[in-house]
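One-letter residues, chain by chain:
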Amino acid sequence: MDAVFELHDGHVRLDGREILHGIDLRIGAGEVVALMGPNGSGKSTLVRALLGLVPLSSGRRSVFGSARFRDWARIGYVPQRLDVGGGVPATVREIVASGRIARQSRFRPTSRADRAATGRAMAALGVEHLARQSVSHLSGGQQQRVLIARALAGEPDVLIMDEPLAGVDAENQRALADTLSALVADGRTIVLVLHELGPLEPLITHSVVLEDGVIVHRGAPPEPTGECALPGHDHVHPHAEPEPASLWRARVGKTGRH
Ligand SMILES: Nc1ncnc2c1ncn2[C@@H]1O[C@H](COP(=O)(O)OP(=O)(O)OP(=O)(O)O)[C@@H](O)[C@H]1O
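Every value quoted in this text rests on a predicted model; they were computed, and no experiment measured them.

Glancing now at the packing of aromatic side chains. Within this structure, the stated rule accounts for two aromatic pairs. Considering the side-chain rings of F64 and F69, the 5.6 Å spacing of their centres and the 35 degrees angle between planes classify their relative orientation as tilted. Classification of F64 by relative accessible area gives partly exposed; the value is 24%. With relative accessibility at 8%, the residue F69 sits in the buried group. Between F69 and W72, the ring centres sit 4.9 Å apart and the planes meet at 85 degrees, which makes this aromatic pair edge-to-face. These aromatic residues form a ring-pair network of at least three members: F64, F69 and W72. A cation sits over an aromatic face here: R74 above F64, 3.7 Å from the ring centre.

This is the structure we're talking about:
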């Protein structure tokens, strides 16, 4: 299986403090990887390091086998929330169409292919009927579908999603699981930052658990513990409260690092 992301002994320093301490990670094409761990363990920093948004203080990164990867249109990033505060409100179609920018040349404005891809992405996520609406009037679940549609409009090979279940109700979580399984069946690679797997669990090929900037577990996702393990727990809460590292240690059944 070809590697999409490879990190060898990756260290990241931010504001003079080392946040990631020697991460070795390989994500292969077609895998669905859950990055898990307590708040502040370094999940977002790891994603940013994979994407080259933060530099490595030491170590090596390659994307699609290249240390000098530039073809960012192949990678779609779905942030947790749309920032709809302030500014001129954009419509759903405008936001989704902005996912084509990396594929457009400076000298060629929006093409027929761009319009078609925007339409397909809106249809895939069921937001066509909202095309003319301002995104600021949408619910959290609708906004998330727009963000995924924006990423899909760029026809990426890889989707990276930051906490896609946070604050999303059970019905929309199941809808997201259906959407992602269609993408997986289509051969895409998916990297998810997750606190809980919820209905995404059957899709996950393996998990990587971080703690204090090191990988403490890889393999099958850890079992939920505490209130998240109780029957009927729907995993719709955003886990705004920090989850203690001890809870995660209990989940992965390990105290040491590797
Ligand atoms: N720009 C920055 N400058 C300095 N420190 C930072 C910066 N960004 C993150 N950190 C610190 O790095 C550590 C890891 O943060 P990160 O956001 O990667 O963790 P996380 O696992 O994604 O957390 P959460 O689950 O809360 O989103 C935290 O201690 C955080 O305070």
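This brings us to helix α4 (residues 140–153). If you check α4, its first and last C-alpha atoms are 20 Å apart, about what 14 residues at 1.5 Å a residue would give, namely 20 Å. With respect to burial, α4 is a largely interior element, ten of its 14 residues being buried. Of the positions making up α4, those classed as buried are G141, Q143, Q144, V146, L147, I148, A149, A151, L152 and A153. For α4, the elements touching its buried residues are β5 (75–78), α2 (92–97), α3 (112–124), β6 (158–162) and α5 (170–185). Phi turns positive one or two residues past the end of α4, at E155, with a value near 50 degrees.

Inspection of every chain in the model, using the stated rule, returns three cavities of 30 Å³ or more. Roughly 50 Å³ of internal volume is contained in the second largest cavity. Forming the walls of the second largest cavity are L125, G141, Q144, R145, I148, N172, A175, L176 and T179. Listed by contribution, the elements that provide at least two residues to the lining of the second largest cavity are α4 and α5. When grouped by side-chain class, the residues that make up the lining of the second largest cavity number four nonpolar, four polar and one charged.

Quick notes on the rules
Residues numbered from 1 in each chain as written. Predicted model: local features only at pLDDT ≥ 70, side-chain atom pairs only at ≥ 80, totals over all residues. Heavy atoms only, no water. Phe/Tyr/Trp six-rings, centres within 6.5 Å; stacked < 30°, edge-to-face > 60°. Buried < 20%, exposed > 50% of the residue type's maximum accessible area, 1.4 Å probe, protein only. Lys NZ or Arg CZ within 6 Å of the ring centre and 35° of its normal. Helix = DSSP H or I, 4+ residues; strand = E, 2+ residues; numbered from the N terminus. Expected span 1.5 Å × (residues − 1). Contact = heavy atoms within 4.5 Å. 1 Å grid on protein atoms, 1.4 Å probe; cavity = no way out; pocket = protein on both sides within 12 Å on 5 of 7 lines; lining within 4 Å. Points joined across faces, edges and corners; volume = space filled by probe spheres on them. Nonpolar A, V, L, I, M, F, W, Y, C, P; charged D, E, K, R; others polar.

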